[in-house]
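The lines below spell out each chain.
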Amino acid sequence: MMVAMQQPQLRGELRTHESLARYTTWRVGGEARQLYRPADVEDLSLFLSRLAEEEVIHFIGLGSNLLVRDDGVAGTVILTQGMLDNIEQLDTNRLGIEAGVTSAKVARTAARAGMAGAQFLSGIPGTIGGALAMNAGCFGGEIWSLVESVTVINRYGELVQRNPDEYEVGYRSVKGPGSEQDEWFVATTLKLERGDSEELLGENRQLLEKRAASQPTQLPNAGSVFRNPPGDHAARLIEHCGLKGHCIGKACVSDKHANFIVNSGGATATEIEQLMEHVAQQVMAKFGIALEREVRVIGNPVSGGAL
Ligand SMILES: Cc1cc2nc3c(=O)[nH]c(=O)nc-3n(C[C@H](O)[C@H](O)[C@H](O)COP(=O)(O)OP(=O)(O)OC[C@H]3O[C@@H](n4cnc5c(N)ncnc54)[C@H](O)[C@@H]3O)c2cc1C
C-alpha cells in the first residue's frame, strides 16, 4: 500500500505586496514583493529551502539602519522583528540570543543577570541580527567584541555555526565567509563579565538619558547616516557646511545632530537619498573628504529619477 508523504507546513506569516515603510524607523519606502515572518528558526529554514535559487533575499530587523527606496524591492524580505526572539542565560557569563531579540532587551537581560559589558546596547534601537551585520556600537563598545559564536543560515535554509575569527570585523563593517545575499545571522552566543546587577541597570539608564539629550528621538530617523571618517566626526563636517536644518522636501538634516536625517512628516525615500547625496557633495567640496554611508540602501532606484 502506498502511503502519501506529508509535506511539512510553513508556520510563519507570508504577505505579498507589503509596504515596508511600517518596518523601517524612517517610515518610508515601497513594497516588498513578498515578506515572510518566520515562526522560528526551523520554519525559516523550511521557507528558505523552498525559494527559487535566483530569488533576491533581504533580511530586515528593526529597520533602524535602512533606507528602502520608493519603488520597493522585487524579491523576498525576511522580517525578524518580533520573531526569532528567544534569549537564554547559558551560564554565569554567557547569553544565547536569537537574531530578532532587540539590542535593548539584551542589555536589560544581561544587567538583570549580573553580566557586564552589554550596557552600550541599551540605546541602540535594533535587533541583534542587525547589530551583528553592522558591528553596532557606541560609547566605546562594539557587539563583535562580545561574540563567542554565531549561527548563520544560508539561502538553502542550512544552518552553520561560525566563530568570530571567520569574520573581518571593523568599524560598522562585517565581512563573513558568505556574502550578504547568501548568508544571515539567526543567533549568537555572547560572552560577558560578571558585574553588579543594580549598578549595570543604572548604567543602562544613564546611557539612555545621554542619548535622549543629543539625538532627535521625536522624529523618524535611522541614526547616523554617515560613518565617521578617520580622526573626525561626520556630524562636525556637516555642521560646518551649514547644513543643520537643510531640507529636501520633507527630509531634513536634524537641528539636534547633523549626522541624522529626519523625516519631518511625509518624506519620500527619494528625498532622503537626494539629501544624503547633497550632504556628501557639500562635505567633499568644502573639506575634500568623501563621506561613506553607514545606512544601508535597498530597492530599485525610482524609474526615471535622478538617482
Ligand atoms: C535613533 C537611532 C540611534 C542609533 N544609534 C546607533 C549607535 O549608537 N550605534 C550603532 O551602531 N547604530 C546605531 N543606530 C543604527 C541601528 O540602530 C543599528 O545599526 C542597528 O544595529 C541595526 O539593527 P536593525 O535590526 O534595525 O537592522 P536593520 O536596519 O533592519 O538592517 C541593517 C542591515 O543589517 C542587515 N540585517 C538585519 N538583520 C540581519 C540578520 N539577521 N542577518 C544578517 N543581516 C541582517 C540588513 O539586511 C541591513 O543590511 C541608531 C539608529 C537610530 C534610529
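Preceding this paragraph is the structure being described.
Figured I'd write up the structure that's included with this text. Position numbers for residues count from 1 along each chain, tracking the sequence in the order it is written. pLDDT decides what is reported in this predicted model: residues at 70 or higher carry local features, side-chain atom pairs at 80 or more are listed and counted, and totals for whole chains, interfaces and linings draw on all residues regardless. Based on all heavy atoms of the structure, the side-chain values leave hydrogens and waters out of the count.

Looking at the overall build of the protein
Secondary structure elements are taken from DSSP: a helix is a run of H or I of four residues or more, a strand is a run of E of two residues or more, and numbering for both begins at the N terminus. Check the secondary structure of the protein and you find 6 helices and 20 strands. Here the radius of gyration uses the C-alpha set of atoms, whereas the globule reference equals 2.2 Å times the residue count to the power 0.38. The globule rule puts the C-alpha radius of gyration for 307 residues at 19 Å, and the 20 Å found for the protein is close to it. With respect to the three principal axes, the spread of C-alpha positions in the protein is 80 × 55 × 30 Å. Expressed as a percentage of the 307 residues in the protein, the buried residues total 50%. Exposure was quantified through the Shrake-Rupley algorithm and a 1.4 Å probe, taking into account, for residues, occlusion by the shown protein chains and nothing else. With the model as given, the accessible surface of the protein reaches about 14,700 Å², and the carbon-plus-sulfur share is 49%. Relative accessibility under 20% of the residue-type maximum defines a buried residue, over 50% an exposed one, and the middle range a partly exposed one, all with a 1.4 Å probe and only protein chains included.

Looking at the state of the cysteines
Only a pair of cysteine sulfur atoms within 2.5 Å qualifies as a disulfide here. Taken as a whole and judged by the stated rule, the model has 1 disulfide. Cys247 shares a disulfide with Cys252; S-S distance 2.1 Å. The disulfide joining Cys247 to Cys252 has a torsion of about 105 degrees about its S-S bond and is therefore right-handed. We note that Cys241 lacks a disulfide partner, and the nearest cysteine sulfur, in Cys247, lies 16 Å from it.

So, helix 2 (residues 103-112)
Along helix 2, the residues that are buried comprise Ser103, Val106, Ala107, Ala110 and Ala111. Down the axis of helix 2, the buried set is contained in an arc of 125 degrees. They therefore lie on one face. Any two residues having at least one pair of non-hydrogen atoms within 4.5 Å are treated as being in contact. Where helix 2 is buried, its residues meet strand 6 (87-91), strand 7 (94-98), strand 8 (115-116), helix 3 (128-134), strand 15 (183-191) and helix 4 (197-214). Immediately downstream of helix 2, the backbone of Gly114 shows phi near 70 degrees, a positive value. What the arc describes is the spread of directions from the helix axis to the C-beta atoms.

Here's the deal with the sheet that holds strand 5 (residues 73-79)
Here 4 strands make up an open sheet; going across it, the order is 1-2-5-3 and the pairing mixed. Both outer strands of the open sheet, strand 1 (13-19) and strand 3 (57-60), are each paired with one neighbouring strand and no more. For this sheet, the mean angle separating the axes of adjacent strands, direction not counted, is 30 degrees. Strand pairing is defined by DSSP finding a minimum of two bridges between the two strands. Where strand 3 lies against strand 5, 4 bridges are found, and the strand directions are parallel. Note on geometry: axes are lines fitted to C-alpha atoms, helical ones only across the stretch in contact, with angles between N-to-C directions running from 0 to 180 degrees.

Brief notes about the environment of Val152
Looking at the element boundaries, Val152 is found in strand 11 (residues 147-154). In sequence terms Val152 and Gly63 are 89 residues apart; their C-alpha atoms lie 19 Å from each other. Residues contacting Val152, with those up to four places away along its chain left out, are Glu158, Leu159, Val160, Arg162, Tyr167, Glu183, Trp184, Phe185 and Val186.

A short note on the pattern of salt bridges
A side-chain nitrogen of Lys or Arg and a carboxyl oxygen of Asp or Glu constitute a salt bridge if their distance falls within 4 Å. Counting across every chain of the model gives 17 salt bridges. Between Arg227 and Glu292 there is a salt bridge, and its shortest N-O distance comes to 3.2 Å. Taken together, the residues Arg227 in the loop between helix 4 and helix 5 (234-240) and Glu292 in the loop between helix 6 (269-287) and strand 20 (296-298) connect sequence positions 65 residues apart. With a relative accessible area of 48%, Glu292 lands in the partly exposed category.

Observations concerning the nonpolar core
If you look at soluble globular proteins, the nonpolar side chains tend to sit buried side by side. Each nonpolar core is a collection of buried residues, namely Ala, Val, Leu, Ile, Met, Phe, Trp, Tyr and Cys, held together in the definition by side-chain atoms within 4.5 Å. The biggest cluster of nonpolar side chains holds 28 residues, and the ones touching the most others in it are Val106, Leu121, Leu132, Ile143, Trp144 and Val150. At the level of secondary structure, the elements contributing two or more residues to this core comprise strand 7, helix 2, helix 3, strand 11 and strand 15. Residue contacts for Val106: discarding those within four places in its chain leaves Ile87, Leu95, Ile97, Val101, Leu121, Ile128 and Leu190. By size, the runner-up hydrophobic cluster in this structure holds 25 residues, among which are Ala222, Ala235, Ala269 and Met276.

Read these as spatial facts, not as claims about activity.
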